[in-house]
Amino acid sequence: MSDNTKIRFIKLDEKAKAPVRKHEDDAGADLASIESVTLGIGESRLISTGIAIELPAHCLGYVTPRSGLAAKHGISIVNAPGLIDTGYRGEIKICLINLGHEPFHISIGDRIAQLVVQRYESTEFVETDSFSETERGDGGFGSTGTD
């Protein structure tokens, strides 16, 4: 993906805002809500952005939480990061969750998530009977200790 790759988008609703980067070199573009809702403590809800995008071939979109909302209010994304596949052409919706200690209000136009576009490499899965040896082997969760 070159520095000037353009991502086509459609506003599906008159309240929708274009994805926008606040700084030229930001990786994530802010996504805004087209709904006015209050998330109760522990509540999760699918929030509409009113936009759809067309990703270039071999690109994906990651929908990630906004760090300020997470740090200040406990607002995150249930399936973080959300994955948008190249072929998806529907509306981007964000599954927000309130992990904070008080209800959180979202107004129309509030920035609720970020979209990061990234290239990926196509792969093929090949069944095998064994793998090459490594120092770690099959050591998983907690296998490297806590110190």
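Structure first, text after, so check above.
Core analysis: the biggest nonpolar cluster contains 24 residues, and Val63, Ile92, Ile94 and Leu96 have the highest contact counts within it. Elements that contribute at least two residues to this core include exactly β3 (37-39), β4 (44-54), β5 (59-64), β6 (75-77), β8 (91-98), β9 (104-106) and β10 (111-119). Among the elements that take part in this core, β10 stands out by supplying four residues, more than any other. Not counting the four nearest positions on each side in its chain, isoleucine 92 is found in contact with Leu31, Ile47, Ser48, Thr49, Gly50, Ile51, Ile53, Val63 and Ile84.

One open sheet holds the four strands; their spatial order is β2-β10-β5-β7, and the pairing between them is antiparallel. Each edge of the open sheet carries a strand with a single partner, namely β2 (29-32) and β7 (82-84). Neighbour-to-neighbour, the strand axes of this sheet turn through a mean angle of 30 degrees, independent of strand direction. Looking at chain direction, β5 and β7 are connected through three bridges and run antiparallel. Following the sheet pairing, tyrosine 62 is matched in β7 by leucine 83.

Cis rather than trans, the peptide bond between alanine 80 and proline 81 has omega equal to -10 degrees. Within the secondary structure, proline 81 sits in the loop between β6 and β7. Of note, the phi angle at histidine 58 is positive, near 65 degrees, even though the residue is not glycine. Among the structural elements, histidine 58 can be located in the loop between β4 and β5. Its relative accessible area of 36% is what places histidine 58 among the partly exposed residues.

Parameters and conventions
Residues numbered from 1 in each chain as written. Predicted model: local features only at pLDDT ≥ 70, side-chain atom pairs only at ≥ 80, totals over all residues. Heavy atoms only, no water. Core = buried A, V, L, I, M, F, W, Y, C linked by side-chain atoms within 4.5 Å. Buried < 20%, exposed > 50% of the residue type's maximum accessible area, 1.4 Å probe, protein only. Helix = DSSP H or I, 4+ residues; strand = E, 2+ residues; numbered from the N terminus. Contact = heavy atoms within 4.5 Å. Pairing = 2+ DSSP bridges. Axes fitted to C-alpha atoms, helices over the stretch in contact; angles between N-to-C directions.

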